[in-house]
Each structure stands twice: as structure tokens, then as C-alpha cells.
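A structural walkthrough
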Amino acid sequence: MEFTSSEMMSITAARALSNDLICFVGIGLPSEAANLARLTHAPDITLIYESGTLQTRPDVLPLSIGDGELCQSALTTVSVPEMFRYWLQGGHISVGFLGTAQIDRFANLNTTLIGDYREPKIRLPGGGGAPEIATSAQEVFITVKHSRRTFVKDVDFVTTVGFGRDGKARDNVPNIGRGPTLVITDLCILKPDPDTRELVVTSLHPNVTREDVIEATGWDIRFADELEITPAPTHEELAVLRSLKERTHAHHSGQQ
């Protein structure tokens, strides 16, 4: 069955989530992957959004954290201060699932601006809850499309700390999570080196070569000694994902 690189990315990201997790979900690609996991192999996963919705089960993907679909389909909704202070800072979040505009070799994220801070070329939406999620969640997954514009040696601005500019930002710091443990793109899977914390390619998606990844990365990317090939999507995964996206498009375009 034919599939696109975007479908490969979302399905691979969904597979990273298991049934017993409590996942703090970012809007966009993370939300797509998290809900695909819920609709396939992880029906009991607990999805939490920044607006305070707990155990959310949307039928269509939300446009923002304020989308009514999240509240309507949630088990309950709590205040944002309770969400961050009790659930997140209290250590109850298994995985923070984030997207980004830029990511660097030490998994720092930039969603603030492109260019110089004083005279930016592009002003981005900002951090939202991502800095706190990356700090306090037990671990962080990131999903983002792979290009030189996105995968840069050093982000223009550190909105959300991965491992800092030198890879040591989390060393000997108490009461914070492990940080980014997995990065999933439309080309490959990356994980931080256990010693240097620099991102290393551990698995290539089907029909993707090392050269494809090198060309799309803004630093001298490393590859694992035992490089794997990511399993291709199944018919069921593709069918569920496509149905979810069709429902979402119809809903937000006013067709239903």
C-alpha cells in the first residue's frame, strides 16, 4: 500500500506511545500522532492538552488548545494553573509530545523567532507551555518535518531547552525530566547520544537514504553503528489515519 512521508512520520510517532502513558500533547503533528495511537494500539492512553482537558478523546483533530472538541470529549477539564502545578510539575506526565519550528543538534527547540532577536526575519508564536513541558515531563518526544531550515546546528533562540548549547544543561539538575529521548521526522528516527547528548540517527524510514538525511540536516549528522529500517505503515494504521484526517478536514471546513 502506498504511503506518503508525512503519513510515515505520524504513524511512526504514534507507535512510540503506549497504552499506559499520560501524554501532554502539543497541537499539530504531535496531536495527530497521539490521537492515532489512541485510535489504534493504545485506546487507554491518557491525553492531556494545555487548556486543562484530561483524558481527551476528540473525534477530529483540534485547531488549537481552545478548540471546543477537546473540552467536549474530555473526561474533565481543570484550570490551567492546576494543569501545570499539579499534573506537570507534580511529575504525573509520562511524555510531553512537542513540535517545533527549529531544532538543533542538542535537541533545543525554537518557536520564538527566526534571525536576530532584535531584528527578526520571522516572529513565531512563542513557547506556550512547551518550556515547562520539556522541563517537568518525565521525557519528551518531538515530531517535525526534516529540512535544513528546521534542523540547524544552533537554533536562533532557545525557546525550549533540550540539552542546552553544549549538551550539558540537564547534568546534575534535580527535579526535572530526562528531556528529549526521541525525535521523529519524515525521514528518520533520532535519539540523543548517551554521552554527548547530540542527536544521532538510529533508524531510516523506508526508501530513505543516508544521503537524504545528510542533505536535509544543517550539521554533520551522525548515524548509529547498527542503523535500523523503520517498519512501513500497516493497512490499518493508514486507514485510521486517513479517516481521521478526512473527518478533521470536513469538520473544520464546515462540511459536517
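Here is a short report on the structure shown in this document. (Residues numbered from 1 in each chain as written. Predicted model: local features only at pLDDT ≥ 70, side-chain atom pairs only at ≥ 80, totals over all residues. Heavy atoms only, no water.)

1. Observations regarding the overall build of the protein chain
The number of helices and strands found in the protein chain is seven helices and 14 strands. For 256 residues, the compact-globule estimate of 2.2 N^0.38 gives 18 Å, and the C-alpha radius of gyration of the protein chain, at 18 Å, lies within 12% of that figure. Projected onto its principal axes, the C-alpha positions of the protein chain cover 45 × 45 × 40 Å. Burial analysis of the protein chain (256 residues in total) assigns 52% to the buried set. Here the analysis covers contacts within the protein chain between residues at least 6 apart in sequence; of these, 65% occur between residues at least 24 apart. (Helix = DSSP H or I, 4+ residues; strand = E, 2+ residues; numbered from the N terminus. Rg over C-alpha atoms; globule rule 2.2 N^0.38 Å. Buried < 20%, exposed > 50% of the residue type's maximum accessible area, 1.4 Å probe, protein only. Contact = heavy atoms within 4.5 Å.)

2. Topic: unusual backbone geometry
With phi around 60°, asparagine 172 is a residue other than glycine that occupies positive phi space. With respect to the helices and strands, asparagine 172 occurs in the loop between strand 10 (139-143) and strand 11 (180-184). On the basis of relative accessible area, asparagine 172 is assigned to the exposed category, the value being 81%. Although it is not a glycine, asparagine 175 adopts a positive phi angle of roughly 60°. With respect to the helices and strands, asparagine 175 occurs in the loop between strand 10 and strand 11.

3. Considering the pairing of strand 11
Taken across its five residues, strand 11 has five buried, putting it largely inside the fold. Here strand 11 runs beside strand 12 (residues 188-192); their pairing, made up of two bridges, is antiparallel. Pairing of isoleucine 184 across the sheet is with isoleucine 189, part of strand 12. Joining the antiparallel neighbours strand 11 and strand 12 is a turn of three residues. (Pairing = 2+ DSSP bridges.)

4. Observations regarding the state of the cysteines
A complete count under the given rule lists zero disulfides for this structure. Cysteine cysteine 71 shares no disulfide, and the gap to the nearest cysteine sulfur, in cysteine 23, comes to 19 Å. Its relative accessible area of 44% is what places cysteine 71 among the partly exposed residues. (Disulfide = S-S within 2.5 Å.)

5. Things to note about the pairing of strand 13 (residues 199-204)
Counting buried residues along strand 13, six of its six residues qualify, which places the element largely inside the surrounding structure. Where strand 12 meets strand 13, five bridges bridge the pair, whose relative direction is antiparallel. What sits directly across from leucine 190, in strand 13, is valine 201. Counted along the chain from strand 12 to the antiparallel partner strand 13, the turn is six residues long, and its residue arginine 197 has a positive phi close to 70°. As paired elements, strand 13 and strand 14 (residues 222-229) share four bridges and run parallel to each other.

6. As for the pattern of salt bridges
By the definition in use, this model includes seven salt bridges. Among the ionic pairs, glutamate 7 bridges to arginine 242, the shortest N-O distance being 2.7 Å. One end of the pair, glutamate 7, is in helix 1 (residues 5-15); the other, arginine 242, is in helix 7 (residues 235-252), and 235 residues separate them in sequence. Taking the relative accessible area as the measure of exposure, glutamate 7 reaches 11% and is therefore buried. Judged by relative accessible area, which is 27%, arginine 242 ranks as partly exposed. (Salt bridge = Lys/Arg side-chain N within 4 Å of Asp/Glu carboxyl O.)

7. Let's talk about helix 7
In a regular helix each residue adds 1.5 Å, so 18 residues correspond to 26 Å; helix 7 covers 26 Å between its end C-alpha atoms and thus fits that length. Those residues of helix 7 that are buried are in contact with helix 1 and helix 2 (29-39). Positioned one or two residues after helix 7, glycine 254 has a phi angle of 80°, which is positive. (Expected span 1.5 Å × (residues − 1).)

8. Description of the sheet that holds strand 13
As summarised here, the arrangement of the eight strands in space is 2-1-5-10-11-12-13-14, forming an open sheet in which the pairing is mixed. Unpaired on one side and paired on the other, strand 2 (46-49) and strand 14 mark the two borders of the sheet. Direction aside, neighbouring strands of the sheet carry axes that sit 25° apart on average. (Axes fitted to C-alpha atoms, helices over the stretch in contact; angles between N-to-C directions.)

9. A look at the environment of alanine 137
Tracing the backbone through its elements, the reader meets alanine 137 in the loop between helix 5 (130-136) and strand 10. For the pair alanine 137 and isoleucine 22, spaced 115 residues apart in sequence, the C-alpha to C-alpha distance is 9.7 Å. Once you skip the residues sitting within four places of it in the chain, alanine 137 turns out to touch Leu88, Ile93, Val95, Gly96, Glu132, Gly177 and Arg178.

10. Considerations on the packing of helix 1 against helix 7
In helix packing, the relevant descriptors are the interaxial angle and the interaxial distance, both defined with respect to the helix axes. Remark: helix 1 packs on helix 7, axes separated minimally by 11 Å, with the N-to-C direction vectors making an angle of 105°. It follows that helix 1 is roughly perpendicular to helix 7 by the angle criterion. Where helix 1 abuts helix 7, its residues Glu7, Ser10, Ile11 and Arg15 lie against Glu237, Leu238, Leu241 and Arg242. Broken down by class, the residue content of the contact of helix 1 with helix 7 amounts to three nonpolar, one polar and four charged. (Parallel < 35°, antiparallel > 145°, perpendicular 65-115°, else oblique. Nonpolar A, V, L, I, M, F, W, Y, C, P; charged D, E, K, R; others polar.)

Geometry only, nothing functional implied.
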